[in-house]
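# Structural features, examined
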Amino acid sequence: MDAVTVERAGINQKPSGRVAEEAGAVELPAETGRTVGTITVEDPIFRCRDVDVYYGEKHAIRKVGIDIGKNSVLAMIGPSGCGKSTFLRCLNRMNDTIPNARVVGSIMLDGRDIHDKKQDVVQLRARVGMVFQKPNPFPKSIYENVAYGPRIHGLAGDRVELDEIVHNSLQRAGLWEEVKDRLQHPGTSLSGGQQQRLCIARTIAVNPEVILMDEPCSALDPIATARIEDLMEELRQSYAIVIVTHSMQQAARVSQRTAYFHLGDLIEVGETDRIFTNPRHRLTEDYITGRFG
Amino acid sequence: MSNTNKPRRTAQETQAIVSASLRRRYWAERRFRAYGLAAIVAALTFLVYLFFVIFSNGMGAFRQSELELAIYYDPAVVDPAGTRHVDDLRSADYQALIRASLKKKFPEVEGRAATRELSRLVSGSAAFELQREVVDDPKLIGTTRAEWLLASDAVDLLQKGHIQRSLPEAERPLSDNQLRWIDQLSREGSLALRFNHTFLSRGDSREPENAGIWGAVVGSFYTLLLTLLLSFPIGVAAAVYLEEFARRNRWTDLIEVNINNLAAVPSIVFGLLGLAVFIGFFGLPRSAPLVGAMVLTLLTLPTIIIASRAALKAVPPSIREAALGMGASKIQMVTHHVIPLALPGMLTGTIIGMARALGESAPLLMIGMVAFIVDIPKGVTDAATVLPVQVFLWSDSPERGFVEKTSGAIIVLLVFLVVMNTTAVILRKKFERRW
């Protein structure tokens, strides 16, 4: 137990170093990889078991097991450096792009391991779209931003069909009314909140099954945040959404299930209402009551 | 606890220390600004002096003394057989036409020596000029026309003030008689400095008044065009592969270190390499822009690769992630997003490399582009020379007339450089996306 604590304190850096010491004092999960709460759901789209990620020598997340349900929002919360973004990036294999990153364990998308040799990573990313923390539209026109995905995947037969996809995607992302007269303007000329909705439109233009969102609102003001949250509620009807957030209020507002990560461990998973009203693990309780994090 | 938390000084004490140091800090800033200003003034002074010297010496090269003579295209001299055949027209004695015209203008000149002195006022190439006109238009035969003919280089030097009349006759290239004739022609308006077409349209010559820069300009153009066509694609492809696709391991580290080393290799070494490999081993022609371009490609590649890699590194990772997150494959990410964003930086590196290539002479000496070449090159395998080598050749020539030609060639080289860089900057601006 002591050895584990020391190792974790070493892994964890800077601001949460103090937290790590305190966390060493409180109880950790009885054994590594044991998560409190129900990790399974009926008919999941993702089924992850025993997922470990290493960045070189550093053990970033340990034995994470969780199901991700269809047509619902899963929020992942936890202090900085706890591994929630790392886990999110496992789901569409974005960790492949980081040198030295190694992912172990099974991540099943619709019953098929995404690390299977037959699983093409391009196809996987077309099925599992991603929205990043900082809005990152391409330095092209608004139209080209949305049309890019359908174009590279060959989803539109002709110009008319492509126009329709662009229109629909912008409409569903709640951006159409604001940009319909300036589709040829650069995507970067939009405000931060509009850019993030453009990125969402770009993602749904490929018609994915899952949308991963890595702190999508952390760079936005409250009004833009509220728009994105409304949008997530609508998108949930068609997609499974996984969102990483630092805001517990946001997690409480948008998600049906919440997962709490701490220093690379998945501590607790459960219905969002239950987690925020009746956390079972001491660490979860400390975090959501604002004692640290 | 409270002891350690108590401030060591009062606020007033702190302020006093800060104000005391202010004067010293501002003084340091002023001093530094003065150094910077002095450095810029010094640099500008050198530059202005350099340009002043080059332009004051070189502008003369763009004007040339010419004589106006009424030439009678005597059928008896030009085409004694009356065939009007090109070969007959070519072999005629056009010098005789000039002699006859001078004789008519100065009827008082008698005797062989004086006649020869008189005809030395006109450049030896003037006869070829007449020959070309007749071959181009045989109808001239039998008519009289006023022609502006190239004066000899001695007349030109006198006109430009490089020959002192006060010197004893034996010590100057023009005799008293010649000076008198020149003065007479000047008075009549038949001797004047006119725009020097020869300089801008001919190849090299041993006679200063006939030497032109065009052969070197065309040689430089072919060489640089080929260098660009070879080095830009190779450099960019190498940079993209190393930056985007290659694994980081000992081999890529080794390659990177060696590319950096190559950028520092003296250019003459590349010339020797080109001589040994391209000419010695592959048997490519000597003095050819093709080989020159291959050598200069070796020279500019490291610069282009290093600059292109830096440009690729500067593309924000968020754009790469966005593309990959959309399901773009790696090559799509690179070609659709990364290269367009890195292109301005790549072009900057290419401009720097090409500017260096334009100014290089040492490696080209090794592969024979230093030869005396009169003809304008018609292709990339013809013998040619380039502007900096032409400057080197002329600066080495003993004739006084080549001094201003050297500066004139430097002016042409600078204009070439400015045109090239302006084009590149315009291109870069076009590709730059300021969104």
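This part is about the overall build of chain A. From N to C terminus, chain A includes twelve helices and eleven strands. Every one of the 293 residues in chain A was classed for burial, and the buried ones make up 54%. Counting contacts in chain A only where the partners sit at least 6 residues apart, residues at least 24 apart contribute 68% of the total. Within the structure as shown, chain A displays about 12,700 Å² of accessible surface, and the carbon and sulfur contribution to it stands at 48%.

In this section: the overall build of chain B. Within chain B, the regular secondary structure consists of 19 helices and three strands. Here the C-alpha radius of gyration of chain B, 32 Å, is well above what a compact globule of 435 residues would show, namely 22 Å. C-alpha extents for chain B along the principal axes are approximately 120 × 60 × 40 Å. Taken across its 435 residues, chain B has 42% of its residues classed as buried. Here the contacts in chain B between residues at least 6 apart in sequence split such that 78% fall between residues at least 24 apart. Carbon together with sulfur atoms contributes 63% to the accessible area of chain B, which is approximately 23,600 Å² in total. Treating the 47 positive side-chain charges of chain B as one cloud and the 39 negative ones as another, the clouds have centres 15 Å apart.

If you add up the space inside the largest pocket, you get close to 690 Å³. In terms of lining residues, the largest pocket is bounded by 20 residues, among which Thr97 and Pro99 of chain A together with Glu243, Glu244 and Lys330 of chain B are the most central. At the level of secondary structure, the elements contributing two or more residues to the lining of the largest pocket comprise α11 (214-245), α14 (289-313), α15 (317-325) and α16 (330-359) of chain B. Its residues assigned to classes, the lining of the largest pocket shows nine nonpolar, one polar and ten charged. Every residue lining the second largest pocket is counted, 20 residues in all, and those nearest its centre are Leu228, Met354, Met420, Thr423 and Ala424 of chain B.

Turning next to the sheet that holds strand β2 (residues 144-150) of chain B. All names here are of chain B. Reading across the sheet, the three strands line up as β2-β1-β3 and stay open at both edges, with antiparallel pairing between neighbours. Since the sheet does not close on itself, it has two edges, and those belong to β2 and β3 (191-195), each with one partner. For this sheet, the mean angle separating the axes of adjacent strands, direction not counted, is 45 degrees. Here five bridges tie strand β1 (residues 63-72) to β3, and the two strands are oriented antiparallel to one another. Each residue of the ladder has a partner; that of Glu66, found in β3, is Ala192. Most of the contacts of helix α5 (residues 94-105) go to β1, to which it runs at about 85 degrees, and overall it touches β1 and β2.

Another aspect to go through is the confidence of the model for chain A. Scored by pLDDT, chain A has a mean of 84; 88% of the residues are at 70 or more. In the model of chain A, helix α1 (residues 2-11) of chain A stands out as the element of lowest mean pLDDT, 38, in contrast to strand β9 (residues 240-244) of chain A, which has the highest, 94.

The next subject is the packing of aromatic side chains. Residue and element names in this part refer to chain A. Throughout the structure, instances matching the rule amount to ten aromatic pairs over all chains. Geometrically, the ring pair formed by Tyr260 and Tyr287 is tilted, given 5.1 Å between the ring centres and 35 degrees between the ring planes. Linking Tyr260 in strand β10 (residues 257-262) with Tyr287 in helix α12 (residues 282-288), this pair joins segments that are 27 residues apart in sequence. Relative accessible area serves as the criterion here: at 0%, Tyr260 is assigned to the buried category.

With that settled, consider empty space enclosed by the protein. Residue and element names in this part refer to chain B. If you walk through the whole model with that rule in mind, you get six cavities of 30 Å³ or more. Put simply, the largest cavity is a space of about 60 Å³. Contributing to the lining of the largest cavity are Gln64, Asp153, Asp156, Leu157, Lys160, Pro208, Glu209, Gly401, Glu404 and Lys405. For the lining of the largest cavity, the elements supplying multiple residues, two or more each, are α8 (153-159) and α19 (401-431).

Here Ala113 of chain B lies in helix α6 (residues 112-119). Along the primary structure Ala113 of chain B and Lys330 of chain B are separated by 217 residues, whereas in three dimensions their C-alpha atoms are 84 Å apart.

Okay, the interface of chain A and chain B next. Chain A puts 25 residues into the contact, and the matching count from chain B is 17 residues. With both sides pooled, the region where chain A packs onto chain B buries about 1,800 Å², and carbon together with sulfur makes up 64% of that total. Scanning the region where chain A abuts chain B turns up one salt bridge. Of the charged contacts in the structure, one is a salt bridge between Arg89 of chain A and Glu321 of chain B, with a shortest N-O distance of 2.8 Å. Sorting the residues of the side of chain A that touches chain B by element identifies α4 (121-127), β7 (128-131), α5 (142-153) and α8 (192-204) of chain A as the ones contributing at least two each. Of all the elements, α5 of chain A adds the most residues to the side of chain A that touches chain B, at four residues.

Moving on to the packing of α11 of chain B against α19 of chain B. Residue and element names in this part refer to chain B. Following both chains from N to C, one finds α11 and α19 inclined at 35 degrees, their axes separated by 11 Å at the closest point. Our pair here, α11 against α19, has a crossing hand that is right-handed. Contact residues: α11 offers Val217, Ser220, Phe221 and Leu224, while α19 offers Val412, Phe416 and Met420. Class assignment for the residues of the contact of α11 with α19 results in six nonpolar, one polar and no charged.

So, on to the side chain of Thr245 of chain A. Residue and element names in this part refer to chain A. Following the sequence through the fold, Thr245 ends up in the loop between β9 and α10 (248-254). Judged by its relative accessible area of 3%, Thr245 is buried. A polar contact is formed between the side chain of Thr245 and the backbone nitrogen of Ser247, at a distance of 2.9 Å.

A separate point is the packing of α15 of chain B against α16 of chain B. All names here are of chain B. It is the contact of α15 with α16, at a shortest axis distance of 10 Å, that shows an interaxial angle of 160 degrees. Between α15 and α16, the angle is such that the two are roughly antiparallel. Like other packed secondary-structure pairs, α15 and α16 cross with a definite hand, here right-handed. Contact residues: Ile319, Arg320, Ala323 and Leu324 in α15; Met333, His337, Val338 and Leu341 in α16.

Cut-offs applied
Residues numbered from 1 in each chain as written. Chains lettered and ligands numbered in written order. Predicted model: local features only at pLDDT ≥ 70, side-chain atom pairs only at ≥ 80, totals over all residues. Heavy atoms only, no water. Helix = DSSP H or I, 4+ residues; strand = E, 2+ residues; numbered from the N terminus. Buried < 20%, exposed > 50% of the residue type's maximum accessible area, 1.4 Å probe, protein only. Contact = heavy atoms within 4.5 Å. Areas by Shrake-Rupley, 256 points an atom, 1.4 Å probe, with all protein chains shown as cover. Rg over C-alpha atoms; globule rule 2.2 N^0.38 Å. Lys, Arg positive; Asp, Glu negative; His and termini not counted. Charge placed at Lys NZ, Arg CZ, Asp CG, Glu CD. 1 Å grid on protein atoms, 1.4 Å probe; cavity = no way out; pocket = protein on both sides within 12 Å on 5 of 7 lines; lining within 4 Å. Points joined across faces, edges and corners; volume = space filled by probe spheres on them. Nonpolar A, V, L, I, M, F, W, Y, C, P; charged D, E, K, R; others polar. Pairing = 2+ DSSP bridges. Axes fitted to C-alpha atoms, helices over the stretch in contact; angles between N-to-C directions. pLDDT = per-residue confidence, 0-100. Phe/Tyr/Trp six-rings, centres within 6.5 Å; stacked < 30°, edge-to-face > 60°. Buried area = accessible area lost by both parts, 1.4 Å probe. Salt bridge = Lys/Arg side-chain N within 4 Å of Asp/Glu carboxyl O. Left-handed = near helix turned anticlockwise from the far one by under 90°. Polar contact = N/O pair within 3.5 Å; in protein donor to acceptor, adjacent residues only side chain to side chain. Parallel < 35°, antiparallel > 145°, perpendicular 65-115°, else oblique.

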